[in-house]
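# Examining the three-dimensional arrangement
So you can see what is in the structure, the chains are spelled out below.
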Amino acid sequence: MQTHRTEQDVTVLNDVAEIPGLGFLPVNAFVIHAEQPVIVDTGLSTDDKDFVSWLSQVIDPADVRWIWLTHPDRDHTGGLYDLLEAAPQARVVTTFIGVGILSTERPLPMDRVYLLNPGQQLDVGDRVLSGLRPPLFDNPATVGVVDRHTGALFSSDCFGAPLPTAEHALGGDVHDVAADDLRAGQLLWAGVDSPWVHQVDPTRYRATADPIRRLDPSTIYSTHLPPARGVNATLLEMLHEAPDSPPFVGPDQAALEAMLAQFEPEQPVGV
C-alpha cells in the first residue's frame, strides 16, 4: 500500500491484489482534494487492510465530506464503514441499486446517503463532479466520476488490467507498462470483469465510448490501472477491440486438482 500525489489535486491510494494465473491487479482508491474533500472508493475488504489509518497519512478523515462509491463491490468498499465513523460529516454518493446491494451486508444510514445517477452532478465547493457510466462495468450500480475542474475521469473498473509484476501494479504512471502488456492485460480484464461485452451489439456498445471521446480526459484514473495520462486514443482503441477479443475461460475442477497436486508433500520412500 502506497500513495502518489498528482498535479491534479488527486492522491492515489495504491494497493495490489495478486490473481494467480493472471497477474497483479492494481486496486486504487483516490482522494480528490476539493474544497469539500472527496474519497473515491475505499479499498480492499481484507483483515490486514486498515483504510482509515492509510488515508490518515494523506488527509484528516474528519475533514472528508463525500465518499463516492463507484460501485459496491468488495474491492471498493473495504474501509467504508470505518470511514463513516471517522468522518462524521461525510455522505456516501451512490445509487438506489448501490444502497440495496450494500444493505445485504450492512445497511447504510440513509441520512448519510446521497443518490446520484449517471449524468447528474455534485457541487463540492470549488468544482462540480459529474456521474458517468463507463463503457465497461461489472456492477449495475457503477457510476464513474468526471472532475469538471481538472478534466480527470475516474473510470471505476473500466480500463483495468492485471499487470506482469507487483511493481507495475503499484506504479504511478501507466507509461511504465510495456504497450503490449498493457493492451493484453486490458483485453483480458474486459473479458474477466465484463464478460457480457462479447454478447452485445458491437456498434451500440462502441457508441458508449463517445462521451469519453468528447470529454478527452486530462487523466484517466481507473481503480485497476496506474494513472493514465496522454494515452486516451490507445485506451479507446482497446474499448473498440474488446467485443472481438477472445472470451476469458477460467480453470475448471481438473485444473484446480492439478494445481493442488503440485503442493502435496512427497511421500517418504517405502510408505
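Note that this is a predicted model, so its numbers are computed, not measured.

### Side note on the packing of aromatic side chains
For the coordinates displayed, the defined rule picks out seven aromatic pairs. Geometrically, the ring pair formed by Phe-51 and Trp-54 is edge-to-face, given 6.1 Å between the ring centres and 85° between the ring planes. Of this pair, Phe-51 and Trp-54 both sit in helix α1 (residues 51-56), three residues apart, roughly one helical turn. The residues Phe-51 and Trp-54 share a single accessibility class, namely buried. Ring geometry for Trp-66 and Tyr-114: centres 5.5 Å apart, planes at 85°, overall edge-to-face. Here Trp-66 is found in strand β5 (residues 66-68), whereas its partner Tyr-114 is found in strand β7 (residues 113-115), with 48 residues between them in sequence. The class for Tyr-114 is partly exposed, based on a relative accessible area of 26%. One aromatic cluster in this structure is built from Phe-30, Phe-154 and Tyr-221.

### Observations regarding the sheet that holds strand β6 (residues 91-94)
An order of β1-β2-β3-β4-β5-β6-β7 is seen for the seven strands of this open sheet, with the pairing classed as mixed. Edge positions in the sheet fall to β1 (2-5) and β7, since each of these pairs with one other strand and no more. Shown here is a sheet whose adjacent strand axes are inclined to one another by a mean of 25°, direction ignored. Taken together, the 10 bridges between strand β2 (residues 10-19) and strand β3 (residues 23-32) define a ladder with antiparallel strand orientation. Each residue of the ladder has a partner; that of Val-16, found in β3, is Pro-26.

### Focus: the packing of helix α5 (residues 179-193) against helix α8 (residues 232-241)
Contact geometry of α5 with α8 gives a least axis separation of 10 Å together with a crossing angle of 40°. On the basis of the axis angle, α5 is oblique to α8. With respect to the hand of their crossing, α5 and α8 are arranged in right-handed fashion. Counting all contacts with α5, which are made through Leu-182, Arg-183, Gln-186 and Leu-187, the residues of α8 involved are Thr-234, Leu-235, Glu-237, Met-238 and Glu-241. Per-class residue counts for the contact of α5 with α8 are four nonpolar, two polar and three charged.

### Topic: the pairing of β6
Alignment of β5 against β6, held across three bridges, turns out to be parallel. When the sheet's bridge partners are listed, Trp-68 is paired in β6 with Val-93. In terms of handedness, the path from β5 via helix α2 (residues 80-86) over to β6 forms a crossover that is right-handed. Relative to β7, β6 runs parallel, the two sharing three bridges. Its bridge partner being in β7, Val-92 is matched across the sheet by Val-113. In terms of handedness, the path from β6 via helix α3 (residues 96-103) over to β7 forms a crossover that is right-handed.

### Some details on the side chain of Thr-223
Its location among the elements puts Thr-223 in the loop between β12 (220-221) and α8. Thr-223 gets classed as buried once you look at its relative accessible area, which sits at 1%. Setting aside chain neighbours within four positions, we find Thr-223 in contact with Pro-26, Val-27, Asn-28, Phe-30, Asp-41, His-76, Ser-156 and Asp-157.

### Quick notes on unusual backbone geometry
Not every positive phi belongs to a glycine, and Asp-9 is a case in point at roughly 65°. According to the relative accessible area criterion, Asp-9 is partly exposed, its value standing at 23%.

### With respect to the pattern of salt bridges
A full pass over the atoms with the stated rule returns 11 salt bridges. Among the salt bridges present, the one from Arg-213 reaches Asp-210, with a minimum N-O distance of 2.8 Å. Residue Arg-213 and its partner Asp-210 are both found in helix α7 (residues 210-215); the two are separated by three residues, about one turn of the helix. Among the charged side chains, a network of salt bridges with common partners joins Asp-9, Asp-126, Arg-127 and Asp-147.

### As for the sheet that holds strand β8 (residues 121-123)
With mixed pairing, the five strands of this open sheet are ordered in space as β8-β9-β10-β11-β12. Taken across any chain shown, the strands that pair with only one partner, and hence form the sheet edges, are β8 and β12. Note that strand β9 (residues 128-132) and strand β10 (residues 144-147) share four bridges and pair antiparallel. Residue pairing across strands places Gly-131 opposite Val-145, the latter belonging to β10.

The rules behind these values
- Residues numbered from 1 in each chain as written.
- Predicted model: local features only at pLDDT ≥ 70, side-chain atom pairs only at ≥ 80, totals over all residues.
- Heavy atoms only, no water.
- Phe/Tyr/Trp six-rings, centres within 6.5 Å; stacked < 30°, edge-to-face > 60°.
- Helix = DSSP H or I, 4+ residues; strand = E, 2+ residues; numbered from the N terminus.
- Buried < 20%, exposed > 50% of the residue type's maximum accessible area, 1.4 Å probe, protein only.
- Pairing = 2+ DSSP bridges.
- Axes fitted to C-alpha atoms, helices over the stretch in contact; angles between N-to-C directions.
- Parallel < 35°, antiparallel > 145°, perpendicular 65-115°, else oblique.
- Left-handed = near helix turned anticlockwise from the far one by under 90°.
- Contact = heavy atoms within 4.5 Å.
- Nonpolar A, V, L, I, M, F, W, Y, C, P; charged D, E, K, R; others polar.
- Right-handed = clockwise from strand over helix to strand, strands pointing away.
- Salt bridge = Lys/Arg side-chain N within 4 Å of Asp/Glu carboxyl O.

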